[in-house]
Amino acid sequence: MTERELERRATDGDDAVRRSVLPGGLRVITESLPAVRSASFGIWAGVGSRDEDERHVGATHYLEHLLFKGTARRSALDISAAIDAVGGELNAFTAKEYTCYYARVLDADLPLAIDVLCDMMTSSLLEDSEVEAERSVILEEIAMTDDEPSDTVHEAFGWQLFGDTPLGRPILGTAESINAITRDQIAEHYAARYTPDNLVIAAAGRLDHDEVVEFTRRCFEPVLTAGAVPAPARLPGPAGPGVGAGTGVRLISRPIEQANLVLGCSGLARTDDRRFALGVLNAALGGGMSSRLFQEIREKRGLAYSVYSFNSQHADIGLWGIYAGCLPAKADEVLAICSDEIAKICDSGLTDDELDRGKGQLRGSIVLGLEDPASRMTRLGKAELVYPRLEPVDEILARIEAVTPDEVRAVANLVMARPKALAVVGPFDDPEPFAAALTG
């Protein structure tokens, strides 16, 4: 099959979006935005922290640091200076199911960004000295997270919900795993996971698809081999070993002035059709200043400065929860209100006004979130790695608009009525008094 035969237009029929597959299964997906003067270029790897076995805990995020530390052609300073010199931005992030390295530059500087990022991806040296230097940096990053109670409580919630599994562990790894991992183990992870068939090149902005393909081909030429095909998208299947719906209370005692609380349960998989109803429900319950939780807990009673609900999905399972930060003496009252509002939603659903506001908030966040090349690039990369197709924006908006009161009530009773897990970070010694929040 020729490259031309492998090329196709995106599933939404938008001529601005094009996709090509190079030898070795390397995918290149672009969206042309002629009205802008910039471009965003990303290399997406289909590996996240949940793909790590016991030998490689923390390796995915460790690699995110190390790939910036030098290649055969460039030192670490050369890499950063090349992008700084054109006023661009160079960065990366690691998630549970993918990793992204990206650059934002003026359109004229896109070839430079492609060359720098592809060089990092294909020719990283992973030198022993850099591994040791970044070990200290990552340990500092872990310590910084530990020093932020609102971050700590979310990690504690994930651990309580999914247990000591790759999905439940912190993306950064732990101090123990980072201290223990070796350069050879990191290199082993790199060689196994950063193969062309498991990579996606995504770009959006003022660009020409054929030029991006050609630049990418030249950069990846040494590692492209005929015969390989792209790795399949990470679609729903059985949850990973030990991944289930944990319950109970996880207390992390800290001598701080605020109680940080996350109450929640397992949610929906990423491609579950009911995710639109859950998204609308989540927006109405705790997604903004007009939401029930914000009005009841902050506006009417003044019990917390920050309170919101959240909803995230993975390939096979998701999570839903409520976060609140309040005075320790008010924790019981805040949790009781959260439990009451969950019960009301399960029993009666949303009012018509709440349903309309929830739909509007969700629609607006989607559309406004796609107003720049970086977000467009992100949409392309994620769609290729973790969705069966690139869903048209208009189709997504139509599915949100079609959500009915009955669907909202049904998804509330499916998700929010599930047994709960509770994570608490604050000046408490005994988790037992919090157990009542799980049965309220």
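These figures come from a predicted structure and were not determined experimentally.

Let us look at the side chain of Ser20. Mapped onto the elements, Ser20 comes out in strand 2 (residues 17-22). Judged by its relative accessible area of 0%, Ser20 is buried.

It is the contact of helix 11 (residues 292-299) with helix 12 (residues 331-348), at a shortest axis distance of 11 Å, that shows an interaxial angle of 150°. When the axes of helix 11 and helix 12 are compared, the pair comes out roughly antiparallel. Seen along the crossing, helix 11 lies across helix 12 with a hand that is right-handed. Facing helix 11, whose interface residues are Arg292, Leu293, Glu296 and Ile297, helix 12 presents Val334, Ile337, Cys338, Glu341, Lys344 and Ile345. Its residues placed into classes, the contact of helix 11 with helix 12 shows six nonpolar, no polar and four charged.

In total, this model carries ten aromatic pairs according to the counting rule given. Seen from their ring centres, Trp44 and Tyr98 are 5.6 Å apart, and the 55° between their planes marks the pair as tilted. Residue Trp44 is found in strand 4 (residues 38-45), and its partner Tyr98 is found in the loop between strand 5 (89-94) and strand 6 (99-106); the two are separated by 54 residues along the sequence. The pair Trp44 / Tyr98 is uniform in exposure class, with both members buried. Measuring from ring centre to ring centre gives 5.0 Å for Phe428 and Phe434, while their planes differ by 80°; the resulting arrangement is edge-to-face. Across the pair, Phe434 and Phe428 agree in class, each one buried. An aromatic cluster is present here, built from Trp44, Phe93, Tyr98 and Tyr102 joined pairwise through their rings.

Once that is clear, we can look at the pattern of salt bridges. If you walk through the whole model with that rule in mind, you get 36 salt bridges. Here Glu132 ties to Arg135 by a salt bridge, and the two come within 2.8 Å at their closest N and O atoms. Placement of both Glu132 and Arg135 in helix 5 (residues 128-146) is noted, with a separation of three residues, approximately one turn of the helix. A relative accessible area of 44% means that Glu132 is categorised as partly exposed. Glu296 is the partner of Lys300 in a salt bridge, and the nearest nitrogen-oxygen pair spans 2.8 Å. Classification of Lys300 by relative accessible area gives exposed; the value is 58%. Of the residues examined, Glu296 reaches a relative accessible area of 15% and is grouped as buried. One connected set of salt bridges, linked through shared partners, spans Arg50, Glu97, Arg270 and Asp316.

Here helix 2 (residues 59-66) crosses helix 8 (residues 183-193) at 90°, and the two axes come no closer than 10 Å. Taken as axis vectors, helix 2 and helix 8 run roughly perpendicular relative to one another. Contacts between helix 2 and helix 8 pair Ala59, Thr60, Tyr62, Leu63 and Leu66 from the former with Ile186, His189 and Tyr190 from the latter. Looking at the contact of helix 2 with helix 8 residue by residue, the classes come out as six nonpolar, two polar and no charged.

Right, let's talk about the nonpolar core for a bit. Within the largest apolar cluster, 50 residues are counted, with the highest numbers of intra-cluster contacts made by Phe41, Leu67, Tyr101, Met120, Tyr194 and Phe220. Considering each element in turn, this core owes the most residues, eight residues, to helix 4 (residues 110-123). With 46 residues, the next largest nonpolar core counts Ala259, Ile337, Val415 and Met416 among its residues.

In this section: the layout of surface pockets. The computed volume of the second largest pocket comes to approximately 270 Å³. Of all elements in the fold, only helix 5, helix 6 (149-162) and strand 8 (248-253) reach the threshold of two or more residues within the lining of the second largest pocket. Considered class by class, the residues forming the lining of the second largest pocket number six nonpolar, four polar and four charged.

Here we take up the sheet that holds strand 11 (residues 318-326). Pairing is mixed in the open sheet, where five strands are placed in the order 8-12-9-11-10. A strand with exactly one partner marks an edge of an open sheet, and here the two such strands are strand 8 and strand 10 (304-313). Strand-to-strand twist in this sheet, taken as the mean axis angle between neighbours without regard to direction, amounts to 15°. Bridging between strand 10 and strand 11 involves nine bridges; their strand directions are antiparallel. Paired with Phe310 across the two strands is Gly321, which belongs to strand 11. Contacting strand 10 and strand 11, helix 11 runs over the sheet at an angle of about 160° to strand 10.

Conventions we followed
Residues numbered from 1 in each chain as written. Predicted model: local features only at pLDDT ≥ 70, side-chain atom pairs only at ≥ 80, totals over all residues. Heavy atoms only, no water. Helix = DSSP H or I, 4+ residues; strand = E, 2+ residues; numbered from the N terminus. Buried < 20%, exposed > 50% of the residue type's maximum accessible area, 1.4 Å probe, protein only. Axes fitted to C-alpha atoms, helices over the stretch in contact; angles between N-to-C directions. Parallel < 35°, antiparallel > 145°, perpendicular 65-115°, else oblique. Left-handed = near helix turned anticlockwise from the far one by under 90°. Contact = heavy atoms within 4.5 Å. Nonpolar A, V, L, I, M, F, W, Y, C, P; charged D, E, K, R; others polar. Phe/Tyr/Trp six-rings, centres within 6.5 Å; stacked < 30°, edge-to-face > 60°. Salt bridge = Lys/Arg side-chain N within 4 Å of Asp/Glu carboxyl O. Core = buried A, V, L, I, M, F, W, Y, C linked by side-chain atoms within 4.5 Å. 1 Å grid on protein atoms, 1.4 Å probe; cavity = no way out; pocket = protein on both sides within 12 Å on 5 of 7 lines; lining within 4 Å. Points joined across faces, edges and corners; volume = space filled by probe spheres on them. Pairing = 2+ DSSP bridges.

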